[in-house]
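What follows is the residue order along each chain.
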Amino acid sequence: MSGWDEDAEAPTRTIGDIVDSLGIEATVREGELVAAAIVLLKVIEDNGDTRLSLTYSDGLGWIERAGMLRVAEALETGSATAPRGDD
């Protein structure tokens with residue numbers, strides 16, 4: 001699934017090599033399983049125009065996508081609070 005000014009006629013491809021080439025890393029501990037991902041790409045087209053492309057893992061529902069994006073925004077803006085421990 002992609003959006004935001006996508007060219008419906010353009011071929012799609014897996015983006016692992018694209019993300020790898022950008023040097024993006026994540027912290028995943030031994031034994032942890034990455035269950036889903038949302039990827040937001042800034043794409044510069046041949047003519048110099050810029051567009052955003054959003055794609056995500058199969059099976060990721062809209063509520064999960066919205067929640068992941070909300071948490072990412074909070075982390076990026078510093079508005080996320082530390083999780084509370086069980087009292």
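Structure first, text after, so check above.
Computed from a predicted structure; not experimentally measured.

Conventions used here
- Residues numbered from 1 in each chain as written.
- Predicted model: local features only at pLDDT ≥ 70, side-chain atom pairs only at ≥ 80, totals over all residues.
- Heavy atoms only, no water.
- Helix = DSSP H or I, 4+ residues; strand = E, 2+ residues; numbered from the N terminus.
- Buried < 20%, exposed > 50% of the residue type's maximum accessible area, 1.4 Å probe, protein only.
- Contact = heavy atoms within 4.5 Å.
- Areas by Shrake-Rupley, 256 points an atom, 1.4 Å probe, with all protein chains shown as cover.
- Expected span 1.5 Å × (residues − 1).
- Phe/Tyr/Trp six-rings, centres within 6.5 Å; stacked < 30°, edge-to-face > 60°.
- Lys NZ or Arg CZ within 6 Å of the ring centre and 35° of its normal.
- Pairing = 2+ DSSP bridges.
- Salt bridge = Lys/Arg side-chain N within 4 Å of Asp/Glu carboxyl O.
- Polar contact = N/O pair within 3.5 Å; in protein donor to acceptor, adjacent residues only side chain to side chain.

### A look at the overall build of the protein chain
Summing up its helical and strand segments, the protein chain has two helices and two strands in all. Across the protein chain, helices and strands are ordered from the amino to the carboxyl terminus as α-β-β-α. Out of the 87 residues belonging to the protein chain, those deemed buried represent 10%. Pairs at least 24 residues apart make up 46% of the contacts formed inside the protein chain by residues separated by at least 6 positions. Carbon and sulfur atoms provide 52% of the accessible area of the protein chain, an area that totals close to 7900 Å².

### Regarding helix H2 (residues 62–77)
For H2, built from 16 residues, the straight-helix expectation of 22 Å at 1.5 Å per residue is met to within 8% by its first-to-last C-alpha distance of 22 Å. Directly beyond the C-terminal end of H2, a positive phi value near 80 degrees is found at Gly78.

### Concerning the packing of aromatic side chains
Applying the stated criterion across every chain, the model contains zero aromatic pairs. For the cation-ring pair, Arg65 lies above Tyr56, with the distance from its terminal atom to the ring centre recorded as 4.1 Å.

### Side note on the pairing of strand E2 (residues 50–56)
Of the pairings in the sheet, the one linking strand E1 (residues 38–44) to E2 comprises seven bridges and is antiparallel in character. Counterpart to Val39 in the pairing with E2 is Thr55. Following E1, the chain reverses through five residues before pairing antiparallel with E2; Gly48 in that reversal takes a positive phi of roughly 95 degrees.

### Side note on the pattern of salt bridges
One pass over the structure, following the stated rule, counts two salt bridges. The partner of Glu32 in a salt bridge is Arg29, and the shortest N-O contact between them spans 3.6 Å. What makes Glu32 partly exposed here is its relative accessible area of 42%. Exposure remark for Arg29: the relative accessible area of 57% places this residue in the exposed category.

### Details of the side chain of Arg51
Along the chain, the position of Arg51 falls in strand E2. A polar atom in the side chain of Arg51 sits 3.1 Å from the side chain of Glu45.

### Brief notes about the environment of Glu64
Relative to the assigned elements, Glu64 resides in helix H2. Spatially, the C-alpha atom of Glu64 lies 9.5 Å from that of Ala36, the residues being 28 residues apart in sequence.

Any link to function would need more than the numbers given here.
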